[in-house]
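Geometric and topological summary
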Amino acid sequence: MIRNIQTIIPGIATSDGAGVKLRRSLGGQNQVRLDPFLMLDEFSSNDPNDYVAGFPAHPHRGFETVTYMLEGHMLHEDHLGNQGHLKTGGVQWMTAGRGIIHSEMPQQVNGAMRGFQLWINLPAKEKMKAAGYKDIQVEDIPKVDLENGGTVKVIAGTYSQESKEVKGPIQGITTAPLFLDVHLLPDSEFEHRIPKELNAFIYVYEGDLEIGGPMRSVPKQAAIVLGDGDRLKAKTGSVGAQFIVLAALPLHEPIVQYGPFVMNTRAEIEQAIDDYQNNRFVVS
Ligand code: MN
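These remarks concern the structure in this document.

Each value, and the rule that gives it
In this convention, every chain numbers its residues from 1, walking through the sequence in written order. Note on the predicted model: pLDDT of at least 70 is required for a residue's local features to be given, and 80 or more for side-chain atom pairs to be given and counted; whole-chain, interface and lining totals, by contrast, use all residues. Hydrogen atoms and water are omitted, and side-chain values are computed over all heavy atoms in the structure. In the sections that follow, a salt bridge refers to a side-chain nitrogen of Lys or Arg positioned within 4 Å of a carboxyl oxygen of Asp or Glu. The classification of residues rests on relative accessible area computed with a 1.4 Å probe and restricted to protein chains. Under 20% of the type maximum is buried, over 50% is exposed, and intermediate values are partly exposed. Per the convention used, a helix needs a DSSP run of H or I reaching at least four residues, while a strand needs a run of E reaching at least two, with both numbered from the N terminus. Because no water is among the atoms considered, metal sites can look incomplete, with donors defined as N, O and S atoms within 2.8 Å of the metal, or 3.2 Å for Na, K and Ca. In this charge count, Lys and Arg are treated as positive and Asp and Glu as negative; neither His nor the chain ends contribute. Under this definition, polar contacts are N or O atom pairs within 3.5 Å; protein pairs additionally need one hydrogen-donor-capable and one acceptor-capable atom, and for neighbouring residues in sequence, both atoms have to be side-chain atoms. Residues count as neighbours in contact if any of their non-hydrogen atoms are within 4.5 Å of one another. The criterion for strand pairing is that DSSP finds at least two bridges linking the strands in question. Fitting a line to C-alpha atoms yields each axis, with helices limited to the stretch in contact; the angle taken between N-to-C directions then spans 0 to 180 degrees.

**So, the pattern of salt bridges**
This structure, assessed with the given rule, holds 12 salt bridges. Asp16 serves as the salt-bridge partner of Arg24, at 2.8 Å between the closest nitrogen and oxygen. The exposure class of Arg24 is buried, given its relative accessible area of 15%. Given a relative accessible area of 32%, Asp16 falls into the partly exposed group. Here Asp41 ties to Arg24 by a salt bridge, and the two come within 2.7 Å at their closest N and O atoms. In this pair, Asp41 is assigned in strand S4 (residues 37-45) and Arg24 in strand S3 (residues 20-24), connecting sequence segments 17 residues apart. Exposure class is identical for Asp41 and Arg24. Each is buried. Within this structure, Arg61, Asp274, Asp275 and Arg280 form a network of salt bridges that share partners.

**Some remarks on the coordination of the manganese ion**
Protein-derived ligands of the manganese ion are His58 (NE2), His60 (NE2), His102 (NE2) and Glu104 (OE), with the metal-ligand distances lying across 2.1 to 2.3 Å. For His60, a relative accessible area of 2% corresponds to the buried category.

**Section: unusual backbone geometry**
Geometrically, the link from Asp35 to Pro36 is a cis peptide bond, its omega value of 5° lying close to zero. At the junction of Gly213 and Pro214, the peptide bond is cis and its omega measures out at 5° in the coordinates. Mapped onto the fold, Pro214 is located in the loop between strand S19 (199-211) and strand S20 (216-218). The backbone of Asn30 sits at a positive phi, close to 60°, despite the residue not being glycine. Tracing the backbone through its elements, the reader meets Asn30 in the loop between S3 and S4. The class for Asn30 is exposed, based on a relative accessible area of 77%. Notably, Asp187 is not glycine yet its phi reads approximately 50°, a positive angle. With respect to the helices and strands, Asp187 occurs in the loop between strand S17 (178-184) and strand S18 (189-193).

**Some thoughts on the side chain of Asp181**
By the element assignment, Asp181 lies in strand S17. One buried charged residue, Asp181, forms no salt bridge at all, with the nearest opposite charge on Lys153 at 5.1 Å. Of the polar contacts made by the side chain of Asp181, one reaches the side chain of Tyr68; its length is 2.6 Å. Looking at Asp181, its side chain comes within polar contact range of the side chain of His183, at 3.4 Å. What Asp181 contacts, discounting residues up to four positions off in sequence, is Tyr68, Leu70, Thr151, Val152, Lys153, Tyr205, Phe243 and Ile244.

**Brief notes about the sheet that holds strand S2 (residues 12-16)**
Strands sit in the order S2-S3-S4-S11-S6-S9-S12 across an open sheet of 7 strands; the sheet is antiparallel. Across the chains shown, the open sheet's two edge strands, defined by having one partner strand only, are S2 and strand S12 (132-136). Put simply, the sheet's adjacent strands are angled 20° from each other on average, direction ignored. Bridging between S2 and S3 involves 5 bridges; their strand directions are antiparallel.

**Digging into the environment of Gly72**
Relative to the helices and strands, Gly72 resides in the loop between strand S6 (63-71) and strand S7 (74-78). Overall, Gly72 belongs to the buried group, its relative accessible area being 6%. Residues Gly72 and Gly90, spaced 18 residues apart in sequence, show a C-alpha to C-alpha distance of 9.8 Å. When sequence neighbours within four positions are dropped, the list of residues in contact with Gly72 reads Leu86, Lys87, Thr88, Gln108 and Ala112.

**Section: the sheet that holds S7**
Within the open sheet, the 4 strands sit side by side as S5-S10-S7-S8. Their pairing is antiparallel. Where the open sheet ends on each side, the last strands, each with one partner, are strand S5 (55-60) and strand S8 (83-86). Averaged over neighbouring strand pairs, the angle between their axes works out to 20° when direction is ignored. The pairing of S5 with strand S10 (residues 100-106) spans 4 bridges and is classified as antiparallel. Along S10, the bridge assignment pairs His60 with Ile100.

Given below as structure tokens:
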């Protein structure tokens with residue numbers, strides 16, 4: 001059964017950090033989410049004034065942040081002394097767990113900066129695990145060449161098509177996330193299995209795309225939540241398309257969010273605030 005468009009969550013222009021301009025779809029107005037996905041931001045600008053102040057030191061607890069750079073670089077540092085330099089095409093997969101305090105600073109003053117930050121919830125039993133992260137550079141992200149000339153980058157989970165199976169560098173997460181970046185040429189089709197037990201959405205950031213059965217045009221710069229089914233079917237028109245595909249197992253747990261803290265109860269949020277204010281937030 002082909003998955004159709006269920007809900008359209010437009011990316012609304014906003015700013016975060018020290019004034020970085022971005023579009024927030026999931027996690028934006030009314031905090032609309034798609035379990036276990038909490039938030040999706042797309043940042044895209046050719047003007048350094050829109051992003052160069054970056055995201056100075058700030059905390060997270062209870063979930064994972066995934067940063068995917070389409071263009072530009074990002075330097076990050078955290079309280080554990082880790083420092084990383086995320087380059088064009090690279091991904092940082094950070095597990096905040098019980099707590100991390102980090103900064104995320106764009107590293108260029110000229111040129112374009114473009115990418116995504118996605119927040120994925122952790123199950124209750126993993127919210128207080130130790131913080132950690134992986135920096136995955138572009139050369140470590142497998143790229144599948146499609147027969148129709150398109151490409152699929154496999155960031156998390158497994159791309160599988162007939163006899164072909166390509167595993168992304170991120171594996172073994174409880175919610176089993178699938179994260180693909182798909183580039184299609186004009187007048188071409190794409191199909192991928194997304195098991196029915198996963199919640200899924202796509203986000204078109206370039207070009208024009210239709211999905212579903214029957215096909216329906218998909219708005220750009222919006223999180224497109226997919227309905228029931230086990231397959232994504234898409235096709236492009238005269239200009240091609242670039243889009244990300246996200247899917248994962250829902251947690252079905254209560255969510256209480258206070259900014260960068262995402263827990264299951266109000267008491268756990270109060271604990272997070274108290275820990276942060278009293279320097280008990282993180283264990284180094
Ligand atoms: Mn952050």
